[in-house]
Each structure stands twice: as C-alpha cells, then as structure tokens.
Amino acid sequence: MVLTTASVPDRDKLAYWRDAVGSELVPMTVTPRGARPFSGRITTDRLGCVRVCTMQADAKRISRTPELIARSPEALVAVGVQVSGSATHIQDGRRSEVGEGDLVVYDTARPYSFDYPERFSTHVFQVPHRALGVTEAGIRQASGTVIGPGNGFGAVLRPFLSTLAGSAHSYSGAVGDKLADSVIDLVATLVTEGTRSVPVDADTSRSDLVLRVRTHIDSRLGDPALSPEAVARAHHISVRYLHRLFEGEGITVGRLIQQRRLEECARELARRGRTAPTVSAVAQRWGFVSPAHFSRAFRTAYGLSPREWRTLRTSAEGSAAPVPDALPALAPPPVAHE
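We now turn to the structure provided with this report. (Residues numbered from 1 in each chain as written. Predicted model: local features only at pLDDT ≥ 70, side-chain atom pairs only at ≥ 80, totals over all residues. Heavy atoms only, no water.)

## Brief notes about the side chain of Arg-261
Heads up, the condition is: Secondary structure elements follow DSSP: runs of H or I of four or more residues count as helices, runs of E of two or more count as strands, with numbering from the N terminus. Pairs of N or O atoms are called polar contacts if they sit within 3.5 Å, as long as, within protein, a hydrogen donor faces a hydrogen acceptor (for residues adjacent in sequence, only side-chain-to-side-chain pairs).
By the secondary structure assignment, Arg-261 is in helix α10 (residues 253-269). A polar contact is formed between the side chain of Arg-261 and the backbone oxygen of Leu-221, at a distance of 2.9 Å.

Structural data, given as structure tokens:
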C-alpha cells in the first residue's frame, strides 16, 4: 500500500494526509509547518500481526489525543526508526529527543505527540500489546525510551528493522509470519530493557493468558483446524510466545489439544445407551480427521483400542467395581506436528 500527496490538488493535500496517517498508522491530528502545500508519502506492509510503515513528509506536528484513541481502541506498541531528520516525542509528560539513527518506543493507547522541525523519514513498526507478553505497566514505563545507534542493542536492531522495512513486501505469508515472530521478540526485549516491571504482575498476566488459551482450546476441540498456529492467531500472539507460555505447564500446546480431544472421545465412548454413535463419528466430532490416526493415538494414551475401551466401559454396567473414566497412567499422546 502506497499513499502519496503527489497527485492530490494542493488545497486537499493536508486532509488527504490526515486520512492516510489515520488509516495506515493510527488517527492523529496533523499540523504542518510552513505555508507551502504539504508533501508526504506512506508505504505500508504487513508481516503477520506486525504493521510496517515508512513515512516521508514535510515538517509537522502530530498528536494522538484521547478523543482519537477512543475512536481506534486497539492498543499498539510502536517502534520508530528515525531514518532522516529529527523529532521531539512527548508521552506521559516525558520529553525525548529523537535524532537520525535513533529508535524510539511509544504506546498508541495513551496520548502522545511528535514534533518534526524539518522534512523527515521514519520507519514505524506497530505490534499489538497482547502479542508482546509484557505488562501494561511495563509498556507505560518503557514508552519514550530512545536507543541511539551506538547502543549495543540498538546497533543490532536498527539495521535489521531498516532492512525489513524495505523488503517486507517481498516475503511470502509463511516467511512473513516467522519474521513477525522475530520482530515481536525483539520489541518485547526492547520494552523489557526500558522497564522495571514487578515480577508478580508479569506472572499474573501470564497465568491469565494461559487460562484464556486453555478455555479457547476446550471450546473448539471439534474444529479440525485447531492448532498452535490457530490458537496464537486468535490471541494475537506469536507461536513462539505461545510455546513459551506453556513451558511451565508440563505439556506443549499441540499435545494439550490432542489430549483434551482424546479425553472427550473416551468420555463419549463410555456412555451407555441403545443408540451409541460409531467410533469414527465420535472421533470426527472431536476434531480427528483420520480414523486410523485416532485409533493409534487412543491406544497409545489409554492402552486399549477405542472399541476395547467402549466394551470395557459399557460391560461394567451393573458391576460392583466401577471402571474409572480414564486409566491412571494416561501418557501424553504423541503429536507429529506441533
């Protein structure tokens, strides 16, 4: 997407530019410097959930006001790479001077302004808050952080982001998703470097997200397309961060999905009734596409085939010794692709 004032009548250039900034970045007020017709150009691409913009424009002041924030409620963390020119950034009362080659972190969910005294060029990377896996307090504390080109982390990050901004349009969807994961991890590190967030808050945020993911999985077990990638997309986080969330859970996301499907199949197969569904119907209802794969996974988990399990459970009717819903040693079912 390329938007430019080049072919717009002079009297309409500023209004056009405000609309362009609002649609490709976030809605902001724009006040130009000087009396000549305003000139600007924005190029926009997407890498997964990361929006990448390159903006070149005349001197101006832009402001993100509470009224404009209310019109675009999605919370984004932005990292600006100042390619040329300079800027003064103000957010939460903190004033930051941004020079050529600097990186600056800011939060679109709270008011801020940029003052560009001369024509400038900048790359802007926007990442949803939830994709970063950091606390709101951490984002607030990191906003306004400026990292110069001589800083160790900035010296590595700046050329990577600059190259990515110039080549984002050339990547396939699969490659773009992997690069988006890298950007998210780097921005999360950048935020962490500029914050002193309390570990308890981070743990609470992590636990809440794990609970939401588990609830999401349980509500969609019958969807054959349910996968770690689909779960990550639904929660606006990277697959890499999703797997990191579950490092302390004792199970991977792929294994959790399959284990929960098998548990529901086991419960349904154990129900007694005159018109019991077929094994393949039960497997399909809970998201298994291949009956053969389902049978192998079930035997690995329970030590019995689905039909043997059904026979064991249904023949226990009237028996004095009840059969448990699941065998005590339920091994994690194998998953070929996670």
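## A word on the nonpolar core
Heads up, the rule is: As used here, the term nonpolar core means buried Ala, Val, Leu, Ile, Met, Phe, Trp, Tyr and Cys residues forming a set that is joined through side-chain atoms within 4.5 Å. Each residue is placed in one exposure class: buried if its accessible area under a 1.4 Å probe, protein chains only, is under 20% of its type's maximum, exposed if it is over 50%, and partly exposed if it falls in between. We call two residues in contact whenever any of their non-hydrogen atoms come within 4.5 Å of each other.
Counting 29 residues, the largest nonpolar core has Val-50, Phe-125, Val-127, Leu-132, Val-187 and Val-191 as the members making the most contacts within it. Put simply, the parts of the chain that give this core at least two residues each are β4 (50-57), β6 (76-84), β9 (103-107), β11 (120-128), α3 (129-132), α4 (136-142), α5 (152-167) and α6 (173-193). In terms of residue count, the dominant contributor to this core is α6 (eight residues). Look past the residues within four positions of Val-187 in its chain and what remains in contact with it is Val-77, Val-79, Val-127 and Leu-132.

## Observations regarding the side chain of Asp-185
Assignment of secondary structure puts Asp-185 in helix α6. The residues touching Asp-185, leaving out its near neighbours within four places in the chain, are Arg-240 and Arg-244.

## Here we look at the packing of aromatic side chains
This is how the line gets drawn: Note on ring pairs: Phe, Tyr and Trp rings are taken, using the six-membered ring of Trp, and paired if centres are within 6.5 Å. Classes follow the plane angle, with under 30 degrees stacked, over 60 edge-to-face and the rest tilted.
Overall, the coordinates contain eleven aromatic pairs when judged by the stated rule. A centroid spacing of 4.9 Å and a plane angle of 70 degrees characterise the contact between Tyr-106 and Phe-114, whose relative ring orientation is edge-to-face. Summarising the burial analysis for this pair, Tyr-106 and Phe-114 share the class buried. Ring geometry for Phe-288 versus Phe-294: centroids 5.0 Å apart, planes at 50 degrees, classification tilted. We note that Phe-288, like Phe-294, is buried.

## Quick word on the sheet that holds β4
The strands that make up a sheet pair up through hydrogen bonds in the backbone, lying either parallel or antiparallel. The test is simple: Two strands are said to pair when DSSP picks up at least two bridges between them.
Pairing is antiparallel in the open sheet, where seven strands are placed in the order β1-β3-β4-β11-β6-β9-β12. Each edge of the open sheet is held by one strand with a lone partner, namely β1 (2-4) and β12 (146-147). Pairing of β6 with β11, which is carried by eight bridges, proceeds in the antiparallel orientation. Note on β11: the bridge partner recorded for Gln-82 is Thr-122.

## So, the packing of α10 against helix α12 (residues 291-302)
What counts is decided by this rule: The angle between two axes is taken between their N-to-C directions and runs from 0 to 180 degrees, where each axis is a line fitted to C-alpha atoms and a helix contributes only its stretch in contact. Note on angle classes: values under 35 degrees are labelled roughly parallel, values over 145 roughly antiparallel, values of 65 to 115 roughly perpendicular, and the remainder oblique. The nonpolar class holds Ala, Val, Leu, Ile, Met, Phe, Trp, Tyr, Cys and Pro. Asp, Glu, Lys and Arg form the charged class, and all remaining residues, Gly among them, are polar.
Two elements in contact, α10 and α12, have axes whose closest approach is 11 Å; the angle formed by their N-to-C orientations is 90 degrees. Judged by the angle between their axes, α10 and α12 are roughly perpendicular. In contact with Gln-258, Leu-262, Glu-263, Cys-265, Ala-266 and Leu-269 of α10, α12 contributes His-293, Phe-294, Ala-297, Phe-298, Ala-301 and Tyr-302. Taken together, the residues that form the contact of α10 with α12 break down as nine nonpolar, two polar and one charged.

## Examining the pattern of salt bridges
Using the following cut-off: We count a salt bridge whenever a side-chain nitrogen from Lys or Arg sits within 4 Å of a carboxyl oxygen from Asp or Glu.
For the structure on display, the rule yields 16 salt bridges. Across the salt bridge formed by Asp-10 and Lys-13, the nearest N and O atoms sit 3.9 Å from each other. The exposed category is assigned to Asp-10, whose relative accessible area is 52%. For Lys-13, a relative accessible area of 8% gives the class buried. We note a salt bridge from Arg-244 to Asp-185, for which the minimum N-O separation is 3.4 Å. Of this pair, Arg-244 sits in helix α9 (residues 239-245) while Asp-185 sits in helix α6, and the two are 59 residues apart along the sequence.

## Concerning the pairing of β11
Burial runs high along β11: nine of the nine residues are buried. Here β11 shows two buried faces, one formed by Phe-120, Thr-122, Val-124, Gln-126 and Pro-128 and the other by Ser-121, His-123, Phe-125 and Val-127. As defined by bridge partners, β4 adjoins β11 across seven bridges and the pair is classed as antiparallel. Among the inter-strand pairings, Arg-51 is bridged to a residue of β11, identified as Gln-126.

## Some words on α10
Counted only if it meets this: A helix is expected to span 1.5 Å for every residue after the first.
Compared with an ideal rise of 1.5 Å per residue, which puts 17 residues at 24 Å, α10 spans 24 Å between its outermost C-alpha atoms and is within 8% of the ideal. Of all the 17 residues making up α10, 15 are buried; the element is thus mostly covered by neighbouring parts of the structure.

## Things to note about empty space enclosed by the protein
Quick reminder of the rule: Whether a set of points on the 1 Å grid over the protein atoms alone is a cavity depends on a 1.4 Å probe fitting there but being unable to get out, while an open set qualifies as a pocket with protein on both sides within 12 Å along at least five of seven lines; lining residues are those with an atom within 4 Å of a point. Grid points are joined across faces, edges and corners, and a volume is the space filled by probe spheres set on the points.
Enumeration according to the criterion identifies one cavity of 30 Å³ or more in this entry. Lining the largest cavity are 17 residues, and of these Met-55, Tyr-106, Phe-114, Tyr-116 and Val-124 sit closest to its centre. Of all the secondary-structure elements, those providing two or more residues to the lining of the largest cavity are β6, β9, β10 (112-116) and β11. Class assignment for the residues of the lining of the largest cavity results in twelve nonpolar, five polar and no charged.

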